[in-house]
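# Working through the structure, step by step
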Amino acid sequence: MAVKRDEVTGTEITGHEWDGITELDTNPPRWMSWCLRIAFLWALAYWIAMPAWPSLSDFTPGILNYQQRQVVADQLAAATDAQSPWVTRMAGMSVDDIAGDAELRDLALKGGKAAFGDNCVVCHGTDAQGRREFPNLADDSWLWGGSLAEIEQSIAVGINSNHDESRQSQMLAFGRDQILDRSQIQKVANYVLSLSGADHDWKAAIMGAETFSDNCAGCHGEFGLGIEEVGAPNLADGFWIYGGDLATVRKTIHGGRQGVMPSWSKRLDSVTIKQLAIFVHALGGGQPTEDGDESD
């Protein structure tokens, strides 16, 4: 069968035609052919030199036996070795002593910031100012106290966690458990709002004072200033975890609150927890350290 060629270029015709357009059997450019050959040789060399093919239980290591995982492991090991001297020092010191050493405190703040970003921002936010149902760590309101030691303890054992020494914070459900009726809850909620100067019905607040004294003062104190020993919040400082409007306060009194913070002692080592405590303390709401210094 005679070969058909294009009349203009003289190139052989493949016989394929679409809408009057005839396909020519034109060879690809020489540079493209060389690129394909080089790419093939490169792939073959890479296959031989580097880990490439999986097996049932392992993989071919290649003649270079290069593994990025090992590179990362080596870098982490080098970083650990570099940190070892001051980590060892911190391990044998109290959190207050670390904060009192300018060099170690600076290192602790940097390490604590990294640990906070990895573990705490999901609940407390990148600025540590929390959000509804999660406490602001940069204010001056602390359930169990804002000293370095108390912050360290809270991080280590958690709140209502599964740790044997967990801090326990349980507020009764006064409405759901039928301790108080709806009218009493309305009045005592207004009284609670009056303690911090929030908007409230002053007549209802006056009538709620006795109910507060009979049912709430045991934990929150006679004037609602809270009791750190039992983790009862200060109701007069204007700081709220769940919200300080009347509807939310009523809901809190009716159904109670049992917030949970996990224990970090099994996930983080003691030095990291100390660093976290120092970082959180320095956010702006920490109470004075043993040497009298305020947080930054």
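Below is a summary of the structure that appears in this document.

What counts, and where the lines are drawn
- Residues numbered from 1 in each chain as written.
- Predicted model: local features only at pLDDT ≥ 70, side-chain atom pairs only at ≥ 80, totals over all residues.
- Heavy atoms only, no water.
- Phe/Tyr/Trp six-rings, centres within 6.5 Å; stacked < 30°, edge-to-face > 60°.
- Helix = DSSP H or I, 4+ residues; strand = E, 2+ residues; numbered from the N terminus.
- Lys NZ or Arg CZ within 6 Å of the ring centre and 35° of its normal.
- Polar contact = N/O pair within 3.5 Å; in protein donor to acceptor, adjacent residues only side chain to side chain.
- Contact = heavy atoms within 4.5 Å.
- Pairing = 2+ DSSP bridges.
- Patch = residues over 30% accessible without salt bridge, like charges linked within 9 Å, V, L, I, M, F, W, Y side chains within 5 Å.
- Areas by Shrake-Rupley, 256 points an atom, 1.4 Å probe, with all protein chains shown as cover.
- Salt bridge = Lys/Arg side-chain N within 4 Å of Asp/Glu carboxyl O.
- Buried < 20%, exposed > 50% of the residue type's maximum accessible area, 1.4 Å probe, protein only.
- 1 Å grid on protein atoms, 1.4 Å probe; cavity = no way out; pocket = protein on both sides within 12 Å on 5 of 7 lines; lining within 4 Å.
- Points joined across faces, edges and corners; volume = space filled by probe spheres on them.
- Nonpolar A, V, L, I, M, F, W, Y, C, P; charged D, E, K, R; others polar.

Looking now at the packing of aromatic side chains. Per the counting criterion, the structure on display carries 3 aromatic pairs. Between Trp-47 and Trp-53, the ring centres sit 5.9 Å apart and the planes meet at 70°, which makes this aromatic pair edge-to-face. On the basis of an interplanar angle of 50° and a centroid distance of 5.1 Å, the ring pair of Tyr-191 and Phe-212 is categorised as tilted. Residue Tyr-191 is located in helix 7 (residues 182-195), and its partner Phe-212 is located in helix 8 (residues 202-215); the two are separated by 21 residues in the primary sequence. The ring of Tyr-242 has Arg-257 sitting right over it, with the charged end atom 4.1 Å from the ring centre.

Further remarks concern the side chain of Asn-119. Along the chain, the position of Asn-119 falls in helix 4 (residues 102-119). There is a polar contact of 3.5 Å between the side chain of Asn-119 and the side chain of Arg-267. The residues touching Asn-119, leaving out its near neighbours within four places in the chain, are Trp-264, Arg-267 and Leu-268.

Examined bridge by bridge, strand 1 (residues 13-18) and strand 2 (residues 21-24) share 3 bridges and lie antiparallel to one another. Bridge assignment links Ile-13 to a residue of strand 2, and that residue is Leu-24.

To continue, consider a nonpolar patch on the surface. A contiguous nonpolar patch, built from Phe-40, Leu-41, Leu-44, Trp-47, Ile-48, Trp-53, Ile-63, Leu-64 and Tyr-66 and spanning about 1,000 Å² of accessible area, is present on the exposed surface. Considering the arrangement of structural elements, one finds Ile-48 in helix 1 (residues 30-49). Classification of Ile-48 by relative accessible area gives partly exposed; the value is 47%.

Here we take up the layout of surface pockets. Its volume calculated, the second largest pocket comes out at about 160 Å³. Lining the second largest pocket, in full, are Thr-80, Gln-83, Ser-84, Trp-86, Val-87, Asp-269, Val-271, Thr-272 and Gln-275. Ranked by the residues each element gives to the lining of the second largest pocket, the list is headed by helix 2 (residues 68-91), at 5 residues. Each residue belonging to the lining of the second largest pocket can be placed in one class, and the counts come to 3 nonpolar, 5 polar and 1 charged.

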